[in-house]
Amino acid sequence: MNKVITFFKEAYDELLTKVTWPKYSELQNSSILVLVASLIFAMLIGVFDYSFQNGMDWFYNAF
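Visitor: So what exactly am I meant to see when it comes to the packing of aromatic side chains here?
Guide: Describing an aromatic ring pair means giving the distance of the ring centres and the angle of the ring planes. Inspection of every chain in the model, using the stated rule, returns 3 aromatic pairs. Taking the centre distance of 5.3 Å and the plane angle of 70° together, the rings of Phe-7 and Phe-8 count as edge-to-face. Here the two residues Phe-7 and Phe-8 agree in accessibility, since each one is exposed. Here the aromatic rings of Phe-59 and Tyr-60 are separated by 5.8 Å at their centres, their planes lie at 65°, and the arrangement is edge-to-face. Overall, the relative accessible area of 38% leaves Phe-59 in the partly exposed class. Taken together, the ring pairs connect Phe-59, Tyr-60 and Phe-63 into an aromatic cluster.

Below you can see the structure in the form of C-alpha cells.
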C-alpha cells in the first residue's frame, strides 16, 4: 500500500513541477488546427465514398 501512495505523490509532484502546460492561445490554435484538419479529412473520405458508391452502382447496373 505504501508503494501506491508514493506513486500518487510522485505523480502529483511531477504534474506540478515538471510538466509544461501550453498557454491558452497555443491550446486554442492547436484545437482549431485539429478541427480544420478533421473536417478536411472527413470531406475527403466522403468524396471517396460517394464516388466509389456511384462507381459500384454503375458497374452493377451495367451487367
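Visitor: Whenever I open this one, a nonpolar patch on the surface confuses me. Can you help?
Guide: Together, Met-1, Val-4, Ile-5, Phe-7 and Phe-8 make up an exposed nonpolar region whose accessible area comes to about 580 Å². With respect to the element layout, Ile-5 can be found in helix 1 (residues 2–17).

Visitor: Even after reading the chapter, I still don't get helix 1, so can you show me in this structure?
Guide: An α-helix turns once per 3.6 residues; consequently, residues spaced three or four apart project the same way. Taking 1.5 Å as the rise per residue, helix 1 with 16 residues should run 22 Å; its terminal C-alpha atoms sit 22 Å apart, in good agreement. Little of helix 1 sits out of view: just 0 of its 16 residues are buried.

Visitor: Would you mind going over the environment of Tyr-24 with me for this structure?
Guide: Among the secondary structure elements, Tyr-24 is positioned in helix 2 (residues 24–62). When its relative accessible area of 65% is taken as the criterion, Tyr-24 is described as exposed. With 38 residues separating them along the chain, Tyr-24 and Ala-62 place their C-alpha atoms 57 Å apart.

What counts, and at which threshold
- Think of each chain on its own: its residues are numbered from 1, step by step along the sequence as written.
- Side-chain atom pairs in this predicted model are given and counted only at pLDDT of 80 or more, local residue features only at pLDDT of at least 70, and totals for whole chains, interfaces and linings cover all residues.
- Remark: hydrogens and water are excluded; side-chain values derive from all non-hydrogen atoms of the structure.
- Centres within 6.5 Å make a pair out of two Phe, Tyr or Trp rings, where for Trp the six-membered ring is used; the pair is then stacked when the planes are under 30 degrees apart, edge-to-face when over 60, and tilted otherwise.
- Burial classes: relative accessible area under 20% of the type maximum marks a residue as buried, over 50% as exposed, and values in between as partly exposed (1.4 Å probe, protein chains only).
- Patch criteria: residues need more than 30% relative accessible area and no salt bridge. Like-charged residues are merged within 9 Å; nonpolar side chains of Val, Leu, Ile, Met, Phe, Trp and Tyr are merged within 5 Å.
- Values of accessible area rely on a 1.4 Å probe in the Shrake-Rupley scheme; residue burial ignores everything except the protein chains shown.
- The salt bridge definition used is simple: a Lys or Arg side-chain nitrogen within 4 Å of an Asp or Glu carboxyl oxygen.
- Secondary structure follows DSSP: runs of H or I at least 4 residues long count as helices, runs of E at least 2 residues long count as strands, and numbering of each begins at the N terminus.
- Expected helix span is computed as 1.5 Å times (number of residues minus one).

These values are about where atoms sit, not about what they do.
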